[in-house]
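An overview of the molecular structure
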Amino acid sequence: VASSCSERERPWDQPGAPPPPPSAAGLPNASRPEPETPEAARAARAAELYGRCAEGLRPSDDPVRDVVRLGTSCGPSTGMQRAFEVPREGVVGEGNRPVELQVPLRAGRCYRVFAVAEPSVEELSVELRSSRGTTLARDRSSGRVVVLQPEGPLCAAGDDDAVVAIAARRGRGRFALELWWH
């Protein structure tokens, strides 16, 4: 079969190159997206809001102020509300035991945890565990600003008095934490 494409026009044919884009591969319907249901479109918009709400946050020296700004940016835009009237605060230090805060999770509700540390904490770590010690969500980011489950909330299957464990991987200082739900 003859082809009018040169090697430069088909870079995906080169050894170690990434696969071709769908339209170049000649796949059927590559140029037509699958029709979305209203529920799928709503879920896609919510996922984008969850993932992008923290973009552009430049933390200051005040973790309480910063976690309130973070929660306010990420909570209401996704239909969530604060679980506590004021942020929870504490001090963490590298090599010290994590600070553990008990948080009530209720069946059918979905939650997000936001935490910010002061600049002296270079690396903040946050983990949400069930009352039985099972890890429900773990911080996968780096730095001193944490959004557990950045892609969306964690939904509780049943009532539980869970624990949020906050630690410093590097540094020592104050942190503030908020829990939001819907």
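Residues numbered from 1 in each chain as written. Predicted model: local features only at pLDDT ≥ 70, side-chain atom pairs only at ≥ 80, totals over all residues. Heavy atoms only, no water.

Some thoughts on the side chain of Glu 118
With respect to the helices, strands and loops of the structure, Glu 118 is situated in the loop between β4 (110–117) and β5 (121–129). A polar side-chain atom of Glu 118 sits 2.8 Å from the main-chain amide nitrogen of Arg 174. Dropping the residues within four chain positions of it, Glu 118 is found in contact with Asp 61, Pro 63, Arg 144, Gly 173 and Arg 174. (Helix = DSSP H or I, 4+ residues; strand = E, 2+ residues; numbered from the N terminus. Polar contact = N/O pair within 3.5 Å; in protein donor to acceptor, adjacent residues only side chain to side chain. Contact = heavy atoms within 4.5 Å.)

Examining the state of the cysteines
By the definition in use, this model includes one disulfide. The disulfide bridge from Cys 110 ends at Cys 155, spanning 1.9 Å between sulfur atoms. Its torsion about the S-S bond being 100 degrees, the disulfide of Cys 110 and Cys 155 is classed as right-handed. Of this pair, Cys 110 sits in strand β4 while Cys 155 is found in strand β8 (residues 154–155), placing the two residues 45 residues apart along the sequence. (Disulfide = S-S within 2.5 Å.)

Some remarks on the environment of Thr 78
Summarising the element assignment, Thr 78 is placed in the loop between α2 (63–74) and β1 (81–82). For the pair Thr 78 and Trp 181, spaced 103 residues apart in sequence, the C-alpha separation works out to 9.8 Å. At a separation of 2.9 Å, a polar atom in the side chain of Thr 78 contacts the main-chain carbonyl oxygen of Cys 74.

Considering empty space enclosed by the protein
One pass over the full model with this rule turns up one cavity of 30 Å³ or more. Estimates place the volume of the largest cavity at around 30 Å³. Forming the walls of the largest cavity are Tyr 111, Arg 112, Val 113, Leu 128, Leu 148, Gln 149 and Leu 154. At three residues, the largest contribution of residues to the lining of the largest cavity is made by β4. Split into classes, the residues belonging to the lining of the largest cavity amount to five nonpolar, one polar and one charged. (1 Å grid on protein atoms, 1.4 Å probe; cavity = no way out; pocket = protein on both sides within 12 Å on 5 of 7 lines; lining within 4 Å. Points joined across faces, edges and corners; volume = space filled by probe spheres on them. Nonpolar A, V, L, I, M, F, W, Y, C, P; charged D, E, K, R; others polar.)

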